[in-house]
Amino acid sequence: MGVSDSFDWQQIPNLKIEKTFMRLAIINGEVVTPDKLFPSGIVLIEDGQIQFVGSATEAEPLSNSHIIDATGQLVLPGFIDTHVHGSGGDDVMTDGAAGIRRAGRNMLRYGTTAWLPTTIAARHEEILFAIAETRRAESGSEPMAQLLGLHLEGPYLNLKFKGAQPDEGIRDPNFDELEELLQLAEGRIKIMTLAPELPGSLDMIRRLTANGIVASLGHSECDYDTALAAIDAGATYATHLFNAMSGAHHRKPGLAACCLNEPGICAEIILDGVHVHPQMARLAARNKGREGLALITDATTAQGCGDGIYQLGKFQVQVQGALCTLMDGVTIAGSVLTMNHAVKNALAFTEMSLVDVAYMAAMMPAKRCGVADRKGSLEVGKDADIAILKADYSVATTIVGGVVAYEKQG
Ligand SMILES: [Zn+2]
């Protein structure tokens, strides 16, 4: 679907034109750092970077600061979503650079400050198109969740575990294609999902790893030993833990069991309460801890559009509440989850603290994307990418690089 280039931003409820300030001070909120929570904290920002984080008793706003009073609110690192197919009516595969920018802007409403546009299994030319358009989208000037690169989900996936990926796009690893993808992307591919049991997959994992790309295991029916061989070849990540992968059967352990068991592999997880049962989320959290899990949305174009019927590539999908399925009403087809809800659900489903949940929503994905030195946490010297949430976990304010990019009205 997608909307035209002349789309009027003011039509998006509560989305305002950005405000740029040299100095910002966020006061009176509960401030979350990687180590602790300051119940009455303060964050000072200058020139887009964090200058101070701590207790309100330790610092005061500098002169000429724009003050954001976060009384009763949570001040968290901006969320980094490493698995997004679309948002707000726009699709990464089909809606071009303008659509990718609109999607990046829409997700400001959910506290997301950086993301990886994520491709699906498709014809080679279609994936090249998405890469080229993502590159073009980098030059946009309007505020949006920053582009950190791309996540290629497929096309080298197992047809039997295709999930909602289209059959015709799925194939075995092809090194000629990969070289073209790498050349066009020029370092922008951060993650590639592939099924390790396919012919050539282990070599491809080595090739990806040598290029600094995270090889992520997924859409796979591999057994435990094959998953171990993939880790040995360099894979460090798994795509949407439990979904579209061999499971944790006690006599036939598959990829999910390997993810739960092996410290060498981290995993994305979709915590919308539909893709993964809350008790399995709890199990995963206990086994993996905050260094082993990244919260993602796996959102489709229907994210933020409400209930209804939408076009997802060649498929029609129906959205009802948190459930997004093909028209059979059974096959889950991506999600309409938002990152602020993923955070809320992680707190409800697991025993993790807010400090650790914020880490899974920002720091873990920052590490996967190779940007943890400048993003992913509220620490001095880092980019001022910040999500300020109300007590109900709705987003009050989103700040990207020190710019107030979104403020909820009222
Ligand atoms: Zn996906």
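Residues numbered from 1 in each chain as written. Predicted model: local features only at pLDDT ≥ 70, side-chain atom pairs only at ≥ 80, totals over all residues.

### Structural notes on the domain arrangement of the protein
Point 1. Assigned domains within the protein: domain 1 (9–76 + 377–407) and domain 2 (79–368).
Point 2. Computed from C-alpha coordinates alone, the two centres of domain 1 and domain 2 are separated by 28 Å.
Point 3. Counting from both sides, the interface comprises 21 residues of domain 1 and, opposite them, 21 residues of domain 2.
Point 4. Of all the secondary structure elements, the ones that give two or more residues to the side of domain 1 that touches domain 2 are β21 (386–389), β22 (395–400) and β23 (403–407).
Point 5. In terms of residue class, the side of domain 1 that touches domain 2 is made up of 14 nonpolar, four polar and three charged. (Domains from an automatic or database assignment. Contact = placed C-beta atoms within 7 Å. Helix = DSSP H or I, 4+ residues; strand = E, 2+ residues; numbered from the N terminus. Nonpolar A, V, L, I, M, F, W, Y, C, P; charged D, E, K, R; others polar.)

### Notes on the sheet that holds strand β20 (residues 323–326)
Point 1. Read from one edge of the open sheet, three strands run β18-β19-β20, paired in antiparallel fashion. For this open sheet the edge positions go to β18 (308–312) and β20, each flanked by a neighbour on one side alone. Between one strand axis and the next, the sheet turns by 30° as a mean value, whatever way the strands run.
Point 2. Of the pairings in the sheet, the one linking β18 to strand β19 (residues 315–320) comprises five bridges and is antiparallel in character. Bridge pairing links leucine 312 to phenylalanine 315 in β19. (Pairing = 2+ DSSP bridges. Axes fitted to C-alpha atoms, helices over the stretch in contact; angles between N-to-C directions.)

### Re the nonpolar core
Point 1. Core analysis: the biggest nonpolar cluster contains 133 residues, and Ile26, Val43, Val75, Ile269, Leu295 and Ala361 have the highest contact counts within it.
Point 2. For this core, the two domains that each supply at least three residues are domain 1 (9–76 + 377–407) and domain 2 (79–368).
Point 3. Those residues within four positions of valine 75 in sequence are excluded, and the remaining contacts are Ile26, Gly29, Glu30, Val31, Val32, Gly41, Val43, Ala70, Ile386 and Ile388. (Core = buried A, V, L, I, M, F, W, Y, C linked by C-beta atoms within 7 Å. Buried ≥ 20, exposed ≤ 12 C-beta atoms within 10 Å, placed from the backbone.)

### Side note on unusual backbone geometry
Point 1. Going from glycine 154 to proline 155, the amide bond is cis rather than trans, its omega being 15°.
Point 2. For proline 155, the position within the fold is in the loop between β12 (150–153) and α3 (175–185).
Point 3. In the Ramachandran plot, histidine 219 falls in the positive-phi region, its phi being about 45° despite a non-glycine side chain.
Point 4. The residue histidine 219 is located in the loop between β14 (214–217) and α5 (224–233) in this model.
Point 5. Its identity as a non-glycine residue notwithstanding, histidine 240 has a phi of 30°, on the positive side.

### Section: the environment of asparagine 287
Point 1. Mapped onto the fold, asparagine 287 is located in helix α7 (residues 278–288).
Point 2. The exposure class of asparagine 287 is partly exposed, given the 15 C-beta atoms found within 10 Å.
Point 3. Through-space distance from the C-alpha of asparagine 287 to that of glutamate 262 is 9.3 Å; in sequence the pair is 25 residues apart.

### Considerations on the packing of helix α8 (residues 339–349) against helix α9 (residues 354–368)
Point 1. Where α8 contacts α9, the axes come no closer than 10 Å and their chain directions differ by 140°. Compared by their axis directions, α8 and α9 come out oblique. In this structure, the crossing between α8 and α9 has a hand that is right-handed. Along the contact surface, α8 presents Met339, Ala342, Val343, Ala346 and Leu347, while α9 presents Leu354, Val357, Met360 and Ala361.
Point 2. Of the residues that constitute the contact of α8 with α9, the class distribution is nine nonpolar, no polar and no charged. (Parallel < 35°, antiparallel > 145°, perpendicular 65-115°, else oblique. Left-handed = near helix turned anticlockwise from the far one by under 90°.)

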